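Examination of the molecular architecture
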Amino acid sequence: MEKKRILLSWSGGKDSAWALHLLRDNPEYEVVGLLTTVNQHFGRVAMHGFREELLNLQGEAAGLPLWKVPLPWPCSNEVYEGLMAEVCERAVAERLHGIAFGDLFLEDIRAYRVEKMAAAGLQPIFPCWLIPTHELARSMIAAGIRAHLVCVDPRKLDKKFAGRVFDADLLAELPETVDPCGERGEFHTFVSAGPMLSRSIEVSPGEVVERDSFVYADLLPASNTTHP
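Residues numbered from 1 in each chain as written. Predicted model: local features only at pLDDT ≥ 70, side-chain atom pairs only at ≥ 80, totals over all residues. Heavy atoms only, no water.

1. So, the overall build of the protein chain
Along its length, the protein chain carries six helices and ten strands. Taken over the C-alpha trace, the protein chain has a radius of gyration of 17 Å; the compact-globule value for 228 residues is 17 Å, and the two agree within 12%. C-alpha atoms of the protein chain, sized along the principal axes, occupy 45 × 40 × 40 Å. Looking at the protein chain as a whole, 46% of its 228 residues are labelled buried. When contacts within the protein chain are restricted to residue pairs at least 6 apart in sequence, those whose partners lie at least 24 apart make up 70%. For the protein chain, the exposed surface amounts to about 11,100 Å²; the carbon and sulfur share of it is 51%. When the 23 basic and 32 acidic side-chain charges of the protein chain are each reduced to a single mean position, those positions are 2 Å apart. (Helix = DSSP H or I, 4+ residues; strand = E, 2+ residues; numbered from the N terminus. Rg over C-alpha atoms; globule rule 2.2 N^0.38 Å. Buried < 20%, exposed > 50% of the residue type's maximum accessible area, 1.4 Å probe, protein only. Contact = heavy atoms within 4.5 Å. Areas by Shrake-Rupley, 256 points an atom, 1.4 Å probe, with all protein chains shown as cover. Lys, Arg positive; Asp, Glu negative; His and termini not counted. Charge placed at Lys NZ, Arg CZ, Asp CG, Glu CD.)

Here's what the structure looks like:
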């Protein structure tokens, strides 16, 4: 059977990375590109806030082309949806079957994606959907995912967690009110190694800043990447 060619919505974080891992084990699909929104003004991945240079290294390590969507800053929802509609038109023109997302359990976000994909004539795919997040977090770490918390919402999680490695020690320290995968927006991550990447991405910690009600931990790319 011919595989269905799809895009993966790629935040650069652990959930989208795990979605890529699961999709590559699924004989039904072939991921042909990573779809990412980039803040044009700052040259950083939208929401997660890490450098576009690191995104480029992720694409190389994943062996997949990046479908970058450049967002103006500030960006209204109307402008955002217009830009995403253009991407969907391109996907349909290139005979892609659908777009996969790393969403875990938020019903409203899933419903929004289903609505937009239906209007575009694309299938929404949710490979990580309803995997219990305590189990999922441990599976990611056991599989060799290495990730840093690059964005923290200090209204939900102490800002001291910004820059921390996503590991068993961190999971043990998270308050009970915080989802272990940060699915309610408590934190966002950058993945630098894992089974979905052909090589690790070496990073070093940079400045931690507060901006627009969030705390961002900058990661600096090393001059080259190394094999794990």
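Continuing now.
2. Brief notes about the packing of helix α1 (residues 14-24) against helix α5 (residues 133-142)
At a closest axis distance of 11 Å, the pairing of α1 and α5 adopts a crossing angle of 75°. The orientation of α1 with respect to α5, classified from their angle, is roughly perpendicular. Where α1 abuts α5, its residues K14, D15 and W18 lie against L136, S139 and M140. Looking at the contact of α1 with α5, its residues break down into three nonpolar, one polar and two charged. (Axes fitted to C-alpha atoms, helices over the stretch in contact; angles between N-to-C directions. Parallel < 35°, antiparallel > 145°, perpendicular 65-115°, else oblique. Nonpolar A, V, L, I, M, F, W, Y, C, P; charged D, E, K, R; others polar.)

3. Here's the deal with the side chain of D153
In this structure, D153 sits in the loop between β7 (146-152) and α6 (168-173). A polar side-chain atom of D153 sits 2.8 Å from a polar atom in the side chain of R155. Beyond its immediate chain neighbours, meaning those up to four positions away, D153 contacts G185, E186, S213 and F214. (Polar contact = N/O pair within 3.5 Å; in protein donor to acceptor, adjacent residues only side chain to side chain.)

4. Regarding the environment of D158
Its location among the elements puts D158 in the loop between β7 and α6. Looking at D158, its side chain comes within polar contact range of the main-chain nitrogen of K160, at 2.8 Å.

5. Some details on the pairing of strand β10 (residues 214-221)
Judged by how many residues are buried, β10 sits mostly within the fold: six of eight residues are covered. Bridge analysis of β7 against β10 gives two bridges, and the strand direction is antiparallel. Each residue of the ladder has a partner; that of C151, found in β10, is Y216. Note that strand β9 (residues 203-211) and β10 share seven bridges and pair antiparallel. The residue bridging E210 from the neighbouring strand is V215, located in β10. Following β9, the chain reverses through two residues before pairing antiparallel with β10; D212 in that reversal takes a positive phi of roughly 55°. (Pairing = 2+ DSSP bridges.)

6. A word on helix α3 (residues 77-93)
Two residues of an α-helix separated by three or four positions point the same way, owing to the 3.6 residues in each turn. With 17 residues, α3 extends 24 Å between its outermost C-alpha atoms, agreeing within 8% with the 24 Å of an ideal straight helix rising 1.5 Å per residue. Residues of α3 that are buried in the fold lie against β1 (4-9), β2 (29-39), β4 (66-71), β5 (98-100) and α4 (107-120). Of the residues one or two after α3, R95 is the one with positive phi, at around 60°. (Expected span 1.5 Å × (residues − 1).)

7. Considerations on the environment of I141
Tracing the backbone shows I141 in helix α5. Each C-alpha atom, one on I141 and one on L54, is 21 Å from the other, the two residues being 87 residues apart in sequence. Setting aside chain neighbours within four positions, we find I141 in contact with F166, D167, A168 and L171.

8. Observations regarding the pattern of salt bridges
Evaluated as defined, the whole model comprises 13 salt bridges. A salt bridge links K14 to D15; the shortest N-O distance between them is 2.9 Å. Note on K14: relative accessible area 3%, which makes it buried. Across the salt bridge formed by K116 and E81, the nearest N and O atoms sit 3.5 Å from each other. (Salt bridge = Lys/Arg side-chain N within 4 Å of Asp/Glu carboxyl O.)

9. Topic: the packing of aromatic side chains
What the rule picks out here adds up to six aromatic pairs. Measuring from centroid to centroid gives 6.0 Å for F126 and W129, while their planes differ by 55°, and the two rings are tilted. Of the two residues examined, F126 and W129, each falls in the buried class. With a centroid separation of 6.5 Å and 55° between ring planes, the pair formed by F214 and Y216 is classed as tilted. Judged on exposure class, the residue F214 and its partner Y216 are both buried. (Phe/Tyr/Trp six-rings, centres within 6.5 Å; stacked < 30°, edge-to-face > 60°.)

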